[in-house]
Each structure stands twice: as structure tokens, then as C-alpha cells.
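A structural walkthrough
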Amino acid sequence: MKILVCITNVPDTTAKITFTDNGTKLNKAGVQYIIGPYDDYALARGVELKEQLGGTLTVLHVGEADADPQIRKALAIGADDAIRVNCDPYDSYFTAVQIAHVAKQNQYDLILMGRESLDFNSGVVHGLVGEILGIPSYSPVMKLDIDGNTASLAREIDGGKELLSAPLPLVLGCQEPISEWKIPNMRGIMTARTKPLVVVEPVAVDEVTATMTYSLPAPKGACKMIPADQAETLIKLLKTEAKVI
């Protein structure tokens, strides 16, 4: 089985975010980057399937060289090789086209990625990749098992979960509890240094979106403390100020 796991390189959830160039670019200075948490679940399940069924696991990242440490971490966790499309992924469609181009060249049986990235949270790349390749895509997948050429899935839906069976090849957006995050051991870290990391140039894509500006959320307002014996005052504030009831 040939498995492709797509990973993102995103700011750590504790990072302080600021913008430059009149609010049009992220200020990367001093920002710690990680593999997207949902991508970590996809990677963990991909490694488990490779060990269970045999075959190869390739990690793919669409981005610049500053993501190489995260790619090497994915190799240390258990991927066999990696591909990096050398570009600045400016929107979901551009990213999906690059992934689909690599996938077409290598004919993967299973393409895994996180349900969404931690930075833009678009949650549409897996669907776009499936559409471009002409194969089914499902998200968010919480459970995945493979038997021969058939995948058994459980995915989250409003009010519950849906159980599905689908033939390979597939594109899946993953989330917990599909697997547990894996921490690379020392042997994995050492072998990752010699595993192939191929850098390729992007294919041309018509620009369909343009960033006008980024802005931070409004700061939280002051907290008002209401005495326990003033329930009427609390209800009035929830209606008139918070507007939640």
C-alpha cells in the first residue's frame, strides 16, 4: 500500500501572533512552529497502517524551507520519505492543486491529512484534492481500518457519527480519536537524517483569492462580578450587554 500524509507547518498554539506589511503578512519573527495537530493524528494512523499492512508512507508538505524541521520530525515518527513543494501556499485551492499534482504522479492508495489546518482553519483542502483527482473524500474521520481494497470509516456528523465503507483510493481529513500522537524515539531521529526529502517546484495555478488584510480578534472586555444574591442584575446584563439570552 502506498500512503501519502499531508502535513502543515503552523504556529504553536501558545505563540503570540502579529502582522507586518500593513496587516497583509504574518510576522514570523520569534514564532515557534509545529506540525498541525490534526495532521499529527493523520500521520500517526498512517504509520500504524503501514506497519500493519506493509507498503510505504510518504509525507508531503506544500511550503517553504522553514518547514524542514517539521518534515524531519514526521520522518522520525515513521514516514519513509518526504516531498516538499517549494512555495508559499497562499490559499486552499493552490495547496490542493499542488497535492493533487504530486498524487497523480505517484498513484497513492490512501491520502491522509488533518481535518483542517491550525492557521487558516479552512477545512476544504481534502475535498478539493478529492475533486481534482476524481476520487471520494471524507472528513472528519474519527476511525479508519483497511481490509484489502476497502476502507471502513467512522466520521463525525451533527448529533452523532456515521459509519461508512468505501473502496480505495480515498482522501481523508482526520481528527481524534483516529489514533494517538506519536513521539519520535532516538533511533527514529537518527534515521530521519538520512531519509530522502525531495524538493520540487510548484505547478502554475491561476490565483483565485487575494489577502486584503489580517486582524487580531477584539480584546476581551473586563470581567464583571455580580454578587450571588443579585440574580436579577445578572439576568439583565446577560440580556442587554452580553446578549446571550
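Look above for the structure.
Within each chain, residue numbers correspond to sequence positions counted from 1 in written order. With pLDDT at 70 or above as the cut-off, local features in this predicted model cover only qualifying residues; side-chain atom pairs require 80 or more to be listed or tallied, and sums for whole chains, interfaces and linings still use all residues. The side-chain numbers reported here are obtained from all heavy atoms of the structure, hydrogens and water having been left aside.

Here we look at the environment of Asp 80
Secondary structure elements are taken from DSSP: a helix is a run of H or I of four residues or more, a strand is a run of E of two residues or more, and numbering for both begins at the N terminus. With respect to the helices and strands, Asp 80 occurs in the loop between α2 (68-77) and β7 (81-86). Separated by 65 residues in sequence, Asp 80 and Asp 145 place their C-alpha atoms 21 Å apart. With sequence-adjacent residues up to four places away left out, Asp 80 is seen in contact with Lys 50, Gly 55, Thr 56, Leu 57, Leu 75, Lys 195 and Pro 196. Residues adjacent in sequence count toward polar contacts only when both atoms are side-chain atoms; beyond that, a polar contact is any pair of N or O atoms within 3.5 Å, and within protein one must be able to donate a hydrogen and the other to accept it. Looking at Asp 80, its side chain comes within polar contact range of the main-chain nitrogen of Leu 57, at 2.8 Å. By the convention used here, residues are in contact when the closest approach between their heavy atoms is within 4.5 Å.

A word on unusual backbone geometry
Across the junction of Ser 139 and Pro 140, the peptide omega takes the value -10 degrees, indicating a cis bond. On the secondary structure map, Pro 140 appears in strand β9 (residues 137-147). The omega torsion of the bond from Leu 168 to Pro 169 falls at 5 degrees, within 30 degrees of zero and hence cis. As for its position among the elements, Pro 169 is in the loop between β11 (160-167) and β12 (170-174).

Some details on the sheet that holds strand β6 (residues 56-63)
If DSSP finds at least two bridges between two strands, the strands pair. Read across the sheet, nine strands follow the order β11-β10-β9-β12-β8-β1-β6-β7-β13 without closing on themselves; strand pairing throughout is mixed. For this open sheet the edge positions go to β11 and β13 (197-200), each flanked by a neighbour on one side alone. Across the sheet, the mean angle separating the axes of adjacent strands is 30 degrees when strand polarity is ignored. Bridging between β7 and β13 involves four bridges; their strand directions are parallel. Within the sheet, the bridge partner assigned to Ala 82 lies in β13 and is Leu 197. Note on method: axes are straight lines fitted to C-alpha atoms, helices fitted across the in-contact stretch only, with angles between N-to-C directions ranging 0 to 180 degrees.

Some words on the nonpolar core
Nine residue types can take part in a nonpolar core, namely buried Ala, Val, Leu, Ile, Met, Phe, Trp, Tyr and Cys, and a core is a set of them joined through side-chain atoms within 4.5 Å. Relative accessibility decides the category of a residue: with a 1.4 Å probe and only protein chains considered, values under 20% of the type maximum give buried, values over 50% give exposed, and everything between is partly exposed. Ranked by internal contacts, the top residues of the largest apolar core, which has 35 residues, are Leu 110, Leu 112, Leu 144 and Leu 172. With six residues, the top contributor of residues to this core is helix α1 (residues 37-53). Those residues in contact with Leu 172, other than ones at most four positions away along the chain, are Leu 110, Ile 111, Leu 112, Met 113, Tyr 138, Val 141, Leu 144 and Leu 153. If you look at the next biggest cluster of nonpolar residues, it comprises 21 residues, including Leu 60, Ala 96, Val 102 and Val 171.

Describing the layout of surface pockets
For cavity detection a 1 Å grid was placed over the protein atoms alone, and a set of points counts as a cavity when a 1.4 Å probe fits there but cannot get out; an open set counts as a pocket when protein lies on both sides within 12 Å along at least five of seven lines, with lining residues being those that have an atom within 4 Å of a point. Grid points are joined across faces, edges and corners, and a volume is the space filled by probe spheres set on the points. Size it by volume and the largest pocket reaches roughly 1,300 Å³. Lining the largest pocket are 47 residues, with Asp 88, Pro 89, Tyr 90, Asp 119 and Phe 120 sitting closest to its centre. When residues of the lining of the largest pocket are traced back to their parent elements, those giving at least two are β2 (9-11), β4 (25-26), β6, α3 (92-106), β8 (110-114) and α4 (125-133).

Topic: the pairing of β9
As a general feature of sheets, a regular strand has side chains that alternate between the two faces. In the sheet, β9 pairs with β12 via three bridges, with the strands oriented parallel. By the bridge assignment for β12, Val 141 is matched with Cys 174. Where β9 lies against strand β10 (residues 150-157), six bridges are found, and the strand directions are antiparallel. Across the sheet, the residue bridging to Asp 147 is Thr 150, located in β10. In this antiparallel pair of consecutive strands, β9 and β10, the connection spans two residues, and Gly 148 shows a positive phi of 65 degrees.

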